[in-house]
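Coordinates in review
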Amino acid sequence: MSSEAQPQTTAHATGVKEPDPKILVFCCNWCSYAGADLAGVSRLQMPPYFRTIRVMCSARVDPEFVLRAFQRGADGVLVAGCHPADCHYIGGNYRTRRRIALLKMLIQQFGFDPDRLRLEWVSAGEGEKFQKTIIEFTNTIKELGPSPMARGDE
Amino acid sequence: MAEKIKIAQYWGAGCGGCDVALLDIDAKILDVHAIAKVVVWPIGFDGKLKEIEAMPDKSITVSFYNGAIRNSENEHVAKVLREKSAVMIAFGSCACFGGTPGLANVTNKKEIFETVYKNTPSTDNPNFVTPQEHYKAKEGDLELPKFWDSVKTLDEVVDVDYFMPGCPPTVNLIAMAVDAVAKHVTTGAPLPPKGTVIASDKTLCDECKRERVEKGKRIDKIYQAYEIKPDPKKCLLDQGLICIGPATRAGCGAMCPNAQMPCRGCMGPTSGVTDQGASMLSALSSIMNITDKEAQMSEEQIMTMMMQVKDPLGTFYAFTLPKSPLRRIVTEKKRKG
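Being a predicted model, the structure only gives us computed values, none of them experimental.

Another aspect to go through is the overall build of chain A. Helix and strand counts for chain A stand at four helices and six strands. Listing every helix and strand of chain A by position from the N terminus yields β-β-β-α-β-α-β-α-β-α. With 154 residues in all, chain A has 51% of them scored as buried. Of all intrachain contacts in chain A linking residues separated by at least 6 positions in sequence, the fraction that spans at least 24 positions is 76%.

Below, the structure is given as structure tokens:
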């Protein structure tokens, strides 16, 4: 493929081209997905390096999903759910925040920067917060560079 | 009586406990003796690799391979035995999931050699002499197996027919396997389908006799096993001890919980789950207490709560690290920007 065919490839000052970051975003059906939708219909501009997966609740995000994402080369994983006290299922997000805390410790032990995993509360009305989160997170991931897993290091 | 079947028992990166477990079947060993001839068993009998290599393919009826794959010799023997055996059984947690040796995947060859041959206080090795793979001596060329960075499971290097988890597999499970093979040989009964895990398909909690008193019970504090004397009847997890039972396959008879020790997960995950560690992480997070003040809690406070789990990787992957999605640790490059 010629370089023209990959317009999204970012050229750094060093001249070394790095692949675009791959970010996976889990959005809960009731708040965050609606928030992401609002960001979309409001035409809020965001870096296009994330893929969204809709789940019924942030607590549906099995920790294994996150680890599988990293295994398959995701550079960052964002889990977005309803604000505390707003969960459609009353307490799903409380479980999520405990899991993500523990997962951050775990991925750090596996050698990943814990900032590659982020939890954010985004309500259905917070299109702007969704945009802000995506921009911030994309910047964090760009700073971190490609996932050590994607580099294929032993 | 017809010609005896041939069995092989070999150890890779293991501790020898599995070999001893095979002898623990007591009088059943006579059944084994009645129908089988042991062709190789480094810990028990003689039997040279060359003789095995010279045997026709599939001429060994069953091979029990215990221990993980740590070096080139482990892999070579696994491949030879696979070729020569009709049935290949991954025997014990190390062969099935990497087991305790698999925890070495948090480090690598270089670091292991530095610790073992240089940095331990009792080591005097100023020139940092380490095992060489080849050495030309006067008497001839010497070779040692190649030591790898990562520990692998048996099914990563060869095709495995059956899995017998456990550290070590219990007498009951071994007897079950021996019976199945003996019946197959003597009466022609069919063997279980390929890939069968010779154990229960439920979780340990199903087998554990401890009482789960309150439904929906949540815990405030996590204890290490030495910190408290648990109530002998109640569920250990309810009492704040991290018992991996909910994420672990049954079949061992819940021996550890019966002896007041929380399960560490040696039987591996059930068939419905691939990652035992993530499964337990999820379960444990779900039973951490939630109060009325939850909505006011910051993520930092939640982190402090979860930091009671001192070593998530070592706790949740005590036996299954090489089988987990991430398999081994990675190294981040320095942060830009």
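Picking up where we left off.
Glancing now at the domain arrangement of chain B. Residue and element names in this part refer to chain B. Looking at the assigned domains, one finds that chain B contains domain 1 (5-101 + 150-187), domain 2 (103-148) and domain 3 (204-323). Placing the centre of domain 1 and that of domain 2 at their C-alpha centroids yields a distance of 28 Å. Taken residue by residue, the interface counts eight residues in domain 1 and seven residues in domain 2. Of all elements in the fold, only strand E4 (69-71), helix H4 (72-84) and strand E8 (147-152) reach the threshold of two or more residues within the side of domain 1 that touches domain 2.

To continue, consider the interface of chain A and chain B. Across the contact, 32 residues belong to chain A and 29 residues belong to chain B. Counting residues per element, the side of chain A that touches chain B draws most heavily on helix H3 (residues 92-109) of chain A, at 11 residues. Class assignment for the residues of the side of chain A that touches chain B results in 16 nonpolar, five polar and 11 charged.

Further remarks concern helix H2 (residues 63-71) of chain A. Buried within H2(A) we find A:Pro63, A:Glu64, A:Val66, A:Leu67, A:Ala69 and A:Phe70. Looking at the buried side of H2(A), the elements it contacts are strand E3 (23-28), strand E5 (76-81), H3 and strand E6 (117-121) of chain A together with helix H11 (276-286) of chain B. After H2(A) finishes, the residue A:Gly73 shows a positive phi value of roughly 100°.

Right, let's talk about the sheet that holds strand E3 (residues 60-66) of chain B for a bit. The pairing of strands in a sheet happens through backbone hydrogen bonds and is either parallel or antiparallel. Residue and element names in this part refer to chain B. If you walk across this open sheet you meet the five strands as E2-E1-E3-E5-E9, and the pairing is parallel. Taken across any chain shown, the strands that pair with only one partner, and hence form the sheet edges, are strand E2 (36-40) and strand E9 (162-164). Between one strand and the next, the sheet's axes are offset by a mean angle of 25°, whatever the strand orientation. Relative to E9, strand E5 (residues 85-91) is paired through three bridges, and the arrangement is parallel. The residue of E9 that forms the bridge with Ile 89 is Tyr 162.

Bringing the nonpolar core into the picture now. Membership of the largest hydrophobic core comes to 129 residues, with the highest contact counts inside it found for A:Cys28, A:Phe70, A:Val77, B:Tyr65, B:Ile89, B:Ala90 and B:Met164. In terms of residues, this core owes the most to one element, H3(A), which gives seven residues. Inspection of this core shows a minimum of three residues originating in each of domain 1 (5-101 + 150-187) and domain 3 (204-323) of chain B. Discounting residues that sit within four places of it in the chain, B:Ala90 has contacts with B:Tyr65, B:Ala95, B:Cys96, B:Leu154, B:Asp155, B:Val160, B:Phe163 and B:Met164.

Once that is clear, we can look at the sheet that holds E3(A). Residues and elements named next belong to chain A. With parallel pairing, the four strands of this open sheet are ordered in space as E4-E3-E5-E6. Edge positions in the open sheet fall to strand E4 (50-55) and E6, since each of these has one partner strand only. The sheet shows a mean angle of 20° between the axes of neighbouring strands, direction not considered. When E5 meets E6, the two strands line up parallel, connected through five bridges. Note on E6: the bridge partner recorded for Leu 78 is Arg 118.

Our focus in this paragraph is H3(A). Residue and element names in this part refer to chain A. For H3, which comprises 18 residues, the first-to-last C-alpha distance of 26 Å matches the rise-based estimate of 26 Å (1.5 Å per residue) to within 8%. Burial within H3 is extensive, with 16 of its 18 residues counted as buried. Just downstream of H3 lies Gly 111, where phi reads positive at about 105°.

Residues shown with low pLDDT carry predicted positions that ought not to be read at fine detail. Summarising the model, chain B shows a mean pLDDT of 92, and 99% of its residues fall at 70 or more. Across the interfaces of the predicted complex, the ipTM metric reaches 0.93, alongside a pTM of 0.92.

Quick look at the packing of H3(A) against helix H12 (residues 299-306) of chain B now. Helices that pack against each other are described as a pair by the angle of their axes relative to one another and the distance between those axes. It is at 9 Å that the axes of H3(A) and H12(B) come closest, and there the two elements cross at 65°. Between H3(A) and H12(B), the interaxial angle falls into the category roughly perpendicular. By crossing handedness, the relation of H3(A) to H12(B) is classed as right-handed. Residue-level contacts link A:Arg97, A:Arg98, A:Ala101, A:Leu102 and A:Met105 of H3(A) to B:Glu299, B:Ile302, B:Met303 and B:Met306 of H12(B). Taken together, the residues of the contact of H3(A) with H12(B) sort by class into six nonpolar, no polar and three charged.

We now examine the environment of A:Val77. All names here are of chain A. Tracing the backbone shows Val 77 in strand E5. Since 27 C-beta atoms lie within 10 Å of it, Val 77 is described here as buried. Beyond its immediate stretch of four places on either side in the chain, Val 77 contacts Leu 24, Val 66, Ala 69, Phe 70, Arg 116 and Leu 117.

Parameters and conventions
Residues numbered from 1 in each chain as written. Chains lettered and ligands numbered in written order. Predicted model: local features only at pLDDT ≥ 70, side-chain atom pairs only at ≥ 80, totals over all residues. Helix = DSSP H or I, 4+ residues; strand = E, 2+ residues; numbered from the N terminus. Buried ≥ 20, exposed ≤ 12 C-beta atoms within 10 Å, placed from the backbone. Contact = placed C-beta atoms within 7 Å. Domains from an automatic or database assignment. Nonpolar A, V, L, I, M, F, W, Y, C, P; charged D, E, K, R; others polar. Pairing = 2+ DSSP bridges. Axes fitted to C-alpha atoms, helices over the stretch in contact; angles between N-to-C directions. Core = buried A, V, L, I, M, F, W, Y, C linked by C-beta atoms within 7 Å. Expected span 1.5 Å × (residues − 1). pLDDT = per-residue confidence, 0-100. Parallel < 35°, antiparallel > 145°, perpendicular 65-115°, else oblique. Left-handed = near helix turned anticlockwise from the far one by under 90°.

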